[in-house]
Every structure is written in structure tokens, then in C-alpha cells.
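Each chain, written out:
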Amino acid sequence: MVFLVLGILLFLITATVITKTTLSTRGGGTITNTVSKSVWRFFFALAGRRGEAKLLEYAGQCVLLLVLLTWIACLWVSLFLMLASDPGSVVNDTTKLAADRWETFYYAGFTLSTLGVGDYAASSDGWRVLTSAAAFCGLTLITAAITYIVPVPSAVSLQNQLSLLISSMGRTPQEILVNSWNGSDFSRFYDNASGIRQMLASTPSTITPIR
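Cut-off values and rules
- Residues numbered from 1 in each chain as written.
- Predicted model: local features only at pLDDT ≥ 70, side-chain atom pairs only at ≥ 80, totals over all residues.
- Heavy atoms only, no water.
- Helix = DSSP H or I, 4+ residues; strand = E, 2+ residues; numbered from the N terminus.
- Buried < 20%, exposed > 50% of the residue type's maximum accessible area, 1.4 Å probe, protein only.
- Contact = heavy atoms within 4.5 Å.
- Areas by Shrake-Rupley, 256 points an atom, 1.4 Å probe, with all protein chains shown as cover.
- Axes fitted to C-alpha atoms, helices over the stretch in contact; angles between N-to-C directions.
- Parallel < 35°, antiparallel > 145°, perpendicular 65-115°, else oblique.
- Nonpolar A, V, L, I, M, F, W, Y, C, P; charged D, E, K, R; others polar.
- Salt bridge = Lys/Arg side-chain N within 4 Å of Asp/Glu carboxyl O.
- Expected span 1.5 Å × (residues − 1).
- Phe/Tyr/Trp six-rings, centres within 6.5 Å; stacked < 30°, edge-to-face > 60°.

A. Broad picture of the overall build of the protein chain. Counting its regular elements, the protein chain contains eight helices and two strands. Secondary structure elements of the protein chain, listed N to C terminal, follow the sequence α-α-α-β-α-β-α-α-α-α. Counting the 211 residues in the protein chain, one finds 36% classified as buried. In the protein chain, the proportion of contacts linking residues at least 24 apart, taken out of those at least 6 apart, comes to 62%. As displayed, the protein chain offers around 12700 Å² of accessible surface, 66% of which is attributable to carbon and sulfur atoms.

B. How the structure looks around unusual backbone geometry. The phi dihedral of Lys 96 is positive, around 65°, even though this residue is not glycine. Among the structural elements, Lys 96 can be located in the loop between β1 (90-92) and α4 (101-112).

C. Structural detail: the packing of α4 against helix α5 (residues 125-149). Interhelical geometry of α4 versus α5 gives an angle of 55° and a closest axis separation of 7 Å. One way to sum up the angle between α4 and α5 is to call them oblique. Facing Tyr 107, Thr 111 and Leu 112 of α4, the residues of α5 in contact are Thr 131, Ala 134, Ala 135, Gly 138, Leu 139 and Ile 142. In terms of residue class, the contact of α4 with α5 is built from six nonpolar, three polar and no charged.

D. Quick peek at the pattern of salt bridges. On inspection of all chains with the given rule, the structure shows two salt bridges. Across the pair Lys 96 and Asp 93 runs a salt bridge whose closest N-O atoms are separated by 3.4 Å. Of the residues examined, Asp 93 reaches a relative accessible area of 35% and is grouped as partly exposed. In this structure, Asp 125 engages Arg 128 in a salt bridge whose closest nitrogen and oxygen atoms are separated by 2.7 Å. With Asp 125 and Arg 128 both in helix α5, this residue pair falls three residues apart, about one helical turn. The partly exposed category is assigned to Arg 128, whose relative accessible area is 41%.

E. Molecular detail of α4. Across its 12 residues, α4 extends 17 Å between first and last C-alpha, which sits within 8% of the 16 Å expected from 1.5 Å per residue. Looking at α4, one finds that the buried residues are Thr 104, Tyr 107, Ala 108, Gly 109, Phe 110, Thr 111 and Leu 112. As for α4, its buried residues are in contact with α3 (59-84), β1, β2 (120-122) and α5. Where α4 ends, the next residue or the one after it, Thr 114, has phi of about 60°, a positive value.

F. Representation of the packing of aromatic side chains within the structure. Overall, the coordinates contain seven aromatic pairs when judged by the stated rule. With 5.4 Å between their ring centres and 80° between their planes, Phe 80 and Phe 105 make a pair best called edge-to-face. Here Phe 105 lies in helix α4 and Phe 80 lies in helix α3, a separation of 25 residues in the sequence. Ring centres of Trp 102 and Phe 105 lie 6.1 Å apart, and the angle between their planes is 90°; this geometry places the pair in the edge-to-face category. Residue Trp 102 and its partner Phe 105 are located together in helix α4, separated by three residues, close to a single helical turn. Using a relative accessible area of 69% as the deciding quantity, one classes Trp 102 as exposed. By way of ring pairs, the aromatic residues Trp 76, Phe 80, Trp 102 and Phe 105 are connected into one cluster.

G. View of the environment of Val 91. When you line up the elements, Val 91 lands in strand β1. Here Val 91 falls in the buried class, since its relative accessible area comes to 14%. If we ignore the near neighbours within four places in the chain, the residues touching Val 91 are Lys 96, Leu 97, Ala 98, Ala 99, Tyr 120, Ala 121 and Ser 123.

H. Structural view of the environment of Gly 88. Along the chain, the position of Gly 88 falls in the loop between α3 and β1. A relative accessible area of 27% means that Gly 88 is categorised as partly exposed. Separated by 39 residues in sequence, Gly 88 and Trp 127 have C-alpha atoms that sit 9.9 Å apart. In this view, Gly 88 contacts Ala 98 and Ser 123; residues no more than four positions away in its chain are not counted.

Just distances and angles here, no functional claims.
Here it is in C-alpha cells:
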């Protein structure tokens, strides 16, 4: 019973975190934020606490990869805990013998991935329903996670372009005004304003920030 409760709680927490991170505009959930901050601190420490170090260029990719792997691992462990609450929940489809813990862990993994290998199966109607629900949730949540991760590099590139455009106009508001003045008006500023406005409008819809 303890494993079942822990599994359900872990699944609900993970599903909430994935949903909040992929659909909300207010950053990631607890798990996402913890992983991302830990990775950034690790890379920053390796870089000797130098913000200009080249090593930090790879921190973003590692954050995305580890966040995705953490989500998948949490879903996997949550289903395993639920199945492990009953020693006879999973059986060998050929011998009909109860699966051990490693075989149950394996079964939980291919259920979430919807591979449907078929060498192990749920032993009763209740566990079959749980398996079907887990497969559906795994497909939905993991697809949502991957759909969220893929556009992030494009959004980062867009933010870099925005930074370069603004910095090319000047390093301070006063410098931007001075550089935009052509002797009669600020037409140089207006020429860039349209591009800046489009980039600012596109960035929030492209990426949800992980804080």
C-alpha cells in the first residue's frame, strides 16, 4: 500500500510539473527548477565562476536534456512503485509466473513508451486498466515534453538576434538616442523598432522560461 501511495503521488507531481512547464508562461515546476538550477551551478563551478567561460555554452543543452530525462525517470519510477505494491501485478506472458522487481521495472518502462513488447502482461483487470492509462499518459506527457524541448534552441537563437540588434544600436539608452539621430529626426530608431517589436512578440510564445 505504501508503494502504491508513493507511486500515485510521484506520478501526480510529475504530471503537474510537466504540464506547468510546457503549458504555463510562469516557468517550470519544482522538479524542473531544481534540476535546471543544479546544472547551472555545476557548470558555473566548473567554469571557475567566470561568466564568460566557453564551457557555459553547453549548460543550456544539458539543462534541457537532464530535465527531459528527469521527467521520464519520474514517470517510470512512479508506475514501477504502483506495480510493485502487488507482487503478482505483472506476470510472464508465457509461463504465467509472477515477475520479479527488475522484470516489473522493465514492464513499467515499455508500458510508458508504448512499445508493447508483450513478453510480460498485467495479471488482472485492474492492473490492465492501470497499464492502459499509464501508456496513454506516458504517450501524452512525453510527447508534450519533447514538443516543448524542440523549439527551445530556435527561441534561444531568436533571443541572441534580439540582443545583437539592440546592442548594435547602443550600449545605453542615451547612446541609442544619439546614434539614432540623423540631424533631423530619429528615423534610424524607428527602422529598428519594428524588428524589435516582432522579436519581442515572438519570444514569449516560442519558449516558456525555466527559472
